[in-house]
Amino acid sequence: MSDWRSRSRRPAKRGRRRSGERYRQPPELSMDPRATPEPAPVEQSVVTSGIYRDGHRVASPDSVSGICRRLPEQPGTMAWIGLYRPAESQLMAVAEEFSLHELAVEDAVVAHQRPKLERYGETLFVVLRAARYLDDLEQVDFGELHVFVGPNFVLTVRHGEAPDMGAVRRRMEGDPDLLRRGPEAVLYAILDAVVDGYAPVVAGLQHDIDEIETEVFGGDPKVTRRIYELSREVIEFQRASRPLLDILRGLSAGFSKHGTDEELQRYLGDVADHATTAAERVDGFRQILTDIRTLNATLVSQAQNEEVKRLTEASYTQNEEVKKISAWAAILFAPTLIGTIYGMNFDHIPELHWSFGYPFALALMALVCTCLYLVFKRRDWL
């Protein structure tokens with residue numbers, strides 16, 4: 001199995017080949033630095049290849065052209081070639097050897113295609129979206145696989161780390177009874193590997209949803225961002241798994257017409273059951289995340305309302321304190337005002353030379369303060 005913790009890189013988008021345009025031979029080598037470099041041979045993108053007869057590998061030619069020469073010479077054989085992120089020129093070389101339709105080759109070059117099943121004459125073209133769950137990053141990593149299935153060959157073009165085609169080949173080579181059923185058996189094994197790879201992803205997403213539910217009720221402020229990120233992954237996973245059901249239905253519809261082996265029909269039916277289960281789980285995840293997003297928005301709104309209420313209460317309390325301070329300031333200001341008017345620089349004040357002036361000033365201060373106190377008390381300022 002491939003390392004589940006290694007992260008795939010997305011392939012750079014390549015230009016689309018115009019319909020009818022054929023591959024041109026590279027120019028002669030030149031010392032001119034502006035000359036177009038010679039394209040790399042297709043063998044550099046070949047991960048593994050082999051020729052099989054009666055369920056066993058009988059040869060492993062070094063070149064794609066060598067495989068194509070040996071197939072007509074050895075009836076009853078099947079070629080299985082795996083390419084990993086080939087350049088356009090490399091894939092075009094293989095397409096010419098196996099007479100692949102230019103539209104299917106164009107899709108395989110550009111990549112980033114929707115899962116689909118198409119038939120061009122005797123050749124099936126299948127696009128699959130594999131997925132794997134990265135435990136350390138808690139993310140779903142998607143890969144893309146293009147499969148060409150002919151009467152006597154299987155060509156896989158992988159863009160990404162998933163699925164592990166080495167494990168598929170080892171499984172088939174370890175089961176000659178299944179491998180001798182031909183290219184359709186290899187297609188079944190690839191479909192089975194892709195669908196089986198969905199199970200760890202479903203389990204990982206379920207674990208993430210459980211964590212998010214805990215964070216939502218725990219009031220984690222970062223949970224909103226995680227909800228949206230997980231929702232985006234679930235939607236992407238849904239786009240990968242849901243069309244696979246249409247592919248399996250399309251294969252089932254052609255069982256009678258193309259004389260598919262009965263045992264392979266049962267195997268593909270089992271794959272369809274597992275794919276349906278995964279698709280239903282993903283649909284449920286999307287609904288759950290929608291409900292969680294609504295619940296989180298409600299809880300955030302409630303928290304905001306509580307905060308506004310707390311601030312309002314604090315503002316009310318502050319206003320009450322300000323009123324008390326203002327009332328006491330007014331009470332204390334009255335004697336200050338009286339004392340300021342009459343001052344202490346005259347004898348027998350107020351009204352100059354009045355012997356009862358000083359006691360009168362004190363009594364006036366007490367009277368004014370008492371009246372102000374009673375007024376503020378009646379208005380609940382004190």
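Quick note: structure is the one above.
Parameters and conventions
- Residues numbered from 1 in each chain as written.
- Predicted model: local features only at pLDDT ≥ 70, side-chain atom pairs only at ≥ 80, totals over all residues.
- Heavy atoms only, no water.
- Salt bridge = Lys/Arg side-chain N within 4 Å of Asp/Glu carboxyl O.
- Helix = DSSP H or I, 4+ residues; strand = E, 2+ residues; numbered from the N terminus.
- Buried < 20%, exposed > 50% of the residue type's maximum accessible area, 1.4 Å probe, protein only.
- Pairing = 2+ DSSP bridges.
- Axes fitted to C-alpha atoms, helices over the stretch in contact; angles between N-to-C directions.
- Contact = heavy atoms within 4.5 Å.

**Here we look at the pattern of salt bridges**
Line of reasoning, step 1. A complete count under the given rule lists 17 salt bridges for this structure.
Line of reasoning, step 2. Between aspartate 54 and arginine 180 there is a salt bridge, with the nearest N and O atoms lying 3.0 Å from each other. Highlighted residues: aspartate 54 in the loop between strand 1 (46-53) and strand 2 (56-59) and arginine 180 in the loop between helix 5 (176-179) and helix 6 (183-218), separated in sequence by 126 residues.
Line of reasoning, step 3. Residue class for aspartate 54 comes out partly exposed when judged on its relative accessible area of 48%.
Line of reasoning, step 4. Accessibility expressed as a relative area gives 40% for arginine 180, which makes it partly exposed.
Line of reasoning, step 5. Residues aspartate 107 and lysine 116 are paired through a salt bridge, measuring 2.7 Å at the closest nitrogen-oxygen approach. Of the two residues, aspartate 107 and lysine 116, both sit in the buried class.
Line of reasoning, step 6. One connected set of salt bridges, linked through shared partners, spans Glu138, Asp208, Glu211, Glu215 and Arg226.

**As for the sheet that holds strand 2**
Strand pairing within a sheet occurs via backbone hydrogen bonds; the two strands may be parallel or antiparallel.
Line of reasoning, step 1. With mixed pairing, the seven strands of this open sheet are ordered in space as 2-1-3-7-6-5-4. Whereas interior strands pair on both sides, the edge strands pair on one side only; in this sheet they are strand 2 and strand 4 (116-120). Across this sheet, the average inter-strand angle for adjacent strands is 25 degrees, counted without regard to direction.
Line of reasoning, step 2. Packing of helix 6 onto the sheet brings it into contact with strand 3 (77-84), strand 5 (123-134), strand 6 (139-149) and strand 7 (153-159), and relative to strand 5 it is tilted by some 25 degrees.

**A look at the environment of glycine 143**
Line of reasoning, step 1. Looking at the secondary structure, you find glycine 143 in strand 6.
Line of reasoning, step 2. Between the alpha carbons of glycine 143 and alanine 240 there is a distance of 9.7 Å; along the sequence they are 97 residues apart.
Line of reasoning, step 3. Excluding residues that lie within four positions of it along the chain, glycine 143 makes contacts with Leu128, Arg129, Ala130, His159, Gly160 and Ala162.

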